[in-house]
Number of protein chains: 2
Amino acid sequence: MTQPSTPAHSPVLVWVMGAAGAPADGSEPFRLGKADEPQLLVTDLVATRGDGVFETIGVFDGTPVNLDPHLRRLARSAELVELPALDLTVLAQAVQAAIDAHAPVPELTVRVMVTRGVEGSGTPTAWIHARTAEDWSRCREGIAVVTLDRGLSTPVPRPSPWLLPGAKTLSYAVNMAATREAVRRGADDVLFVSTDGYCLEGPTSTLLVQHGDTWTTTPADAGVLPGTSIASVFEVLRAEGATVREELMTPDQVASADAAWLLSSSRLAAPIARLDDTRLTVDAHRTAQLISVLKGQYPGSR
Amino acid sequence: MTQPSTPAHSPVLVWVMGAAGAPADGSEPFRLGKADEPQLLVTDLVATRGDGVFETIGVFDGTPVNLDPHLRRLARSAELVELPALDLTVLAQAVQAAIDAHAPVPELTVRVMVTRGVEGSGTPTAWIHARTAEDWSRCREGIAVVTLDRGLSTPVPRPSPWLLPGAKTLSYAVNMAATREAVRRGADDVLFVSTDGYCLEGPTSTLLVQHGDTWTTTPADAGVLPGTSIASVFEVLRAEGATVREELMTPDQVASADAAWLLSSSRLAAPIARLDDTRLTVDAHRTAQLISVLKGQYPGSR
């Protein structure tokens with residue numbers, strides 16, 4: 001009998017009562033929960049309105065990558081949706097407790113979730129969920145990506161904070177629908193495009209494009225999520241002497257690139273092998289380097 | 001001691017295992033749950049992605065209003081997000097079971113919720129939640145409404161079904177953020193406006209505008225939710241000999257109307273007393289009539 005390539009260990013749940021300050025009842029700020037038992041009330045605003053924020057953190061050989069940037073972005077998301085200020089020290093300890101409680105595996109995916117809590121309570125519900133990472137190795141050789149209209153123009157989000165640009169909320173129905181549309185079109189993933197014709201981001205990833213020695217991503221003020229992965233990659237590239245920049249790109253500019261990737265914390269660097277009808281070169285060497293950076297294992301990277 | 005105007009009875013939870021067909025284990029298709037005990041797993045896609053659809057149904061003196069139109073819209077929402085086909089007979093029975101299990105009150109709010117279910121299960125999670133309606137009488141004399149940019153233009157949603165126009169999903173973070181923005185501006189509610197300058201809908205309501213004998217709402221194909229309330233109102237107005245129509249309106253056209261309302265199943269008809277800086281006439285008589293229609297209690301209405 002063959003062993004599965006990714007061993008299935010039980011997921012771990014850590015319940016964080018102190019996500020927004022010490023619990024009023026003086027109890028410990030977090031505790032281990034039972035991942036396979038019901039935990040949420042149906043009146044939690046995450047269940048009635050998708051009202052919450054989250055982060056997904058990759059943990060490689062036991063070490064979380066970009067923990068602080070992820071938690072800072074979570075705090076920023078919470079601020080944008082006017083949740084109570086988060087206690088990042090408690091959340092970091094709770095993430096570590098979840099990692100410690102999980103069986104040791106090479107790749108762990110840790111989700112940090114904060115919701116507006118049960119209707120009328122005014123107290124966020126927060127938990128950490130850690131599980132063995134999905135096996136994404138099939139994406140290493142390149143993914144097929146389709147461009148889909150995001151319905152928004154790049155200048156719109158800035159003056160309209162209620163559209164929540166830059167907030168990583170739990171209202172992902174459109175992102176999920178776009179991903180299903182990609183599959184229907186025989187592709188693996190989506191690159192959202194603005195109504196004024198610029199590439200934005202994937203439903204759960206950030207765009208990275210290489211033209212020679214120049215590496216480009218979408219400017220955060222175009223209404224995309226500021227990527228934690230791209231920050232790590234740019235740091236390494238800058239140290240190499242490359243030019244890194246945030247600049248709007250059309251789909252044609254991406255399709256004519258030397259190479260392009262969609263970056264995220266769990267799938268890491270997925271090279272774009274096809275953008276709509278255009279084939280792109282997959283650079284296996286660079287992809288391996290980017291994956292190493294995103295695993296926090298590249299010499300000189302965080 | 002004074003009694004509260006709305007008696008507080010315990011909410012009722014009905015768990016619907018047969019929302020998408022008979023349960024595989026042959027058990028009954030729905031059962032009473034405990035509303036105050038945890039019911040949802042943290043890996044339910046409603047908790048990780050806001051991935052589900054819902055309806056809110058008003059129940060007046062024990063009778064649900066527009067039950068069939070609500071359930072048909074739920075089925076349409078489910079179809080738009082590619083959930084399994086819903087069994088509307090089972091859902092209607094479960095709604096009735098929730099009403100029967102709740103203490104008799106003049107106004108009950110019943111939510112019908114269907115999520116994509118626990119990750120990897122492929123089986124929706126569905127429940128009915130019934131509770132005494134919030135007291136909305138303060139809105140009868142008129143509400144202050146601000147226009148906010150929805151970021152989308154009216155022609156955009158039609159060719160882009162992944163933007164989920166017309167689907168009532170649980171991804172309501174933007175709707176909730178817009179409502180908070182209204183409160184910050186000293187108002188009660190929001191009228192979303194498209195980037196091409198047309199009034200759309202409220203975050204949880206439909207627009208109704210009166211110019212003399214002509215009554216107008218936003219066309220559904222502008223990307224708004226097709227209202228169940230507006231259908232009832234138009235039926236009564238049409239029977240009265242009034243002209244009813246779906247047509248795009250600018251904020252100026254709404255501000256210069258004889259009267260305007262935001263309609264929904266629980267708050268019913270809320271007259272707009274102020275739109276941004278313009279005062280509108282509140283027609284108490286018409287408001288009372290509309291409320292009677294939306295309670296299903298107007299002679300000749302459903």
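The structure displayed is predicted, hence computed values, not measured ones. (Residues numbered from 1 in each chain as written. Chains lettered and ligands numbered in written order. Predicted model: local features only at pLDDT ≥ 70, side-chain atom pairs only at ≥ 80, totals over all residues. Heavy atoms only, no water.)

Caption draft 1: Here's a closer look at the overall build of chain A. Secondary structure assignment for chain A yields seven helices and 14 strands. Here chain A has a C-alpha radius of gyration of 19 Å; the compact-globule value for 302 residues is 19 Å, and the two agree. With respect to the principal axes defined by its C-alpha atoms, chain A has extents near 60 × 50 × 40 Å. Here chain A, with 302 residues, has 57% of them falling under the buried criterion. Excluding contacts between residues fewer than 6 apart, the proportion of contacts in chain A whose partners are at least 24 apart in sequence is 69%. Element-wise, carbon and sulfur atoms account for 51% of the exposed surface of chain A, whose accessible area totals about 12,200 Å². (Helix = DSSP H or I, 4+ residues; strand = E, 2+ residues; numbered from the N terminus. Rg over C-alpha atoms; globule rule 2.2 N^0.38 Å. Buried < 20%, exposed > 50% of the residue type's maximum accessible area, 1.4 Å probe, protein only. Contact = heavy atoms within 4.5 Å. Areas by Shrake-Rupley, 256 points an atom, 1.4 Å probe, with all protein chains shown as cover.)

Caption draft 2: Summary view of the interface of chain B and chain A. In this complex, chain B contributes 53 residues to the contact, which on the side of chain A involves 53 residues. Across the interface of chain B and chain A, roughly 4,300 Å² is buried in total on both sides, 60% from carbon and sulfur atoms. When the buried area of chain B at its contact with chain A is split by residue, Val-42, Arg-49 and Trp-162 of chain B rank highest and sum to 19% of it. With its nearest N and O atoms 3.7 Å apart, the salt bridge here joins Arg-180 of chain A to Glu-82 of chain B. There are 21 residue pairs in polar contact (both at pLDDT 80 or more) connecting chain B and chain A. Going through the elements one at a time, strand 1 (12-16), helix 1 (45-49), strand 5 (107-115), strand 6 (125-132), strand 7 (143-149) and helix 4 (173-184) of chain B are the ones with two or more residues in the side of chain B that touches chain A. (Buried area = accessible area lost by both parts, 1.4 Å probe. Salt bridge = Lys/Arg side-chain N within 4 Å of Asp/Glu carboxyl O. Polar contact = N/O pair within 3.5 Å; in protein donor to acceptor, adjacent residues only side chain to side chain.)

Caption draft 3: Focus on the packing of helix 2 (residues 67-80) of chain B against helix 3 (residues 88-101) of chain B. Residue and element names in this part refer to chain B. Running from amino to carboxyl end, helix 2 crosses helix 3 at an angle of 130 degrees, the nearest separation of the two axes being 11 Å. Relative to helix 3, the element helix 2 lies oblique. In the packing of helix 2 onto helix 3, the handedness of the crossing is right-handed. Where helix 2 abuts helix 3, its residues Leu-67, Leu-71, Arg-72, Leu-74 and Ala-75 lie against Leu-88, Leu-91, Ala-92 and Val-95. Considering only residue class, the contact of helix 2 with helix 3 consists of eight nonpolar, no polar and one charged. (Axes fitted to C-alpha atoms, helices over the stretch in contact; angles between N-to-C directions. Parallel < 35°, antiparallel > 145°, perpendicular 65-115°, else oblique. Left-handed = near helix turned anticlockwise from the far one by under 90°. Nonpolar A, V, L, I, M, F, W, Y, C, P; charged D, E, K, R; others polar.)

Caption draft 4: Spotlight on the nonpolar core. Counting 98 residues, the largest nonpolar core has Val-16 and Ile-128 of chain A together with Val-16 and Ile-128 of chain B as the members making the most contacts within it. Listed in part, the 26 residues of the second largest apolar core include Leu-13, Trp-127 and Leu-170 of chain A together with Ala-35 of chain B. (Core = buried A, V, L, I, M, F, W, Y, C linked by side-chain atoms within 4.5 Å.)

Caption draft 5: View of the domain arrangement of chain A. Residue and element names in this part refer to chain A. Annotation of chain A at the domain level lists domain 1 (12-132) and domain 2 (137-294). Using C-alpha coordinates to define each centre, domain 1 is positioned 26 Å away from domain 2. Taken together, the contacts link 22 residues of domain 1 with 19 residues of domain 2. Both faces combined, the contact of domain 1 with domain 2 buries some 1,600 Å², and carbon together with sulfur accounts for 60% of it. Ranking the residues of domain 1 by area buried against domain 2 places Phe-54, Arg-73 and Leu-80 at the top, with a combined share of 36%. At the boundary of domain 1 and domain 2, one finds zero salt bridges. Along the contact surface separating domain 1 from domain 2 lie 10 residue pairs in polar contact (both at pLDDT 80 or more). Those elements that place two or more of their residues in the side of domain 1 that touches domain 2 are helix 1 (45-49), strand 3 (52-60), helix 2 (67-80) and strand 5 (107-115). With seven residues, strand 3 is the largest single contributor of residues to the side of domain 1 that touches domain 2. Per-class residue counts for the side of domain 1 that touches domain 2 are 10 nonpolar, nine polar and three charged. (Domains from an automatic or database assignment.)

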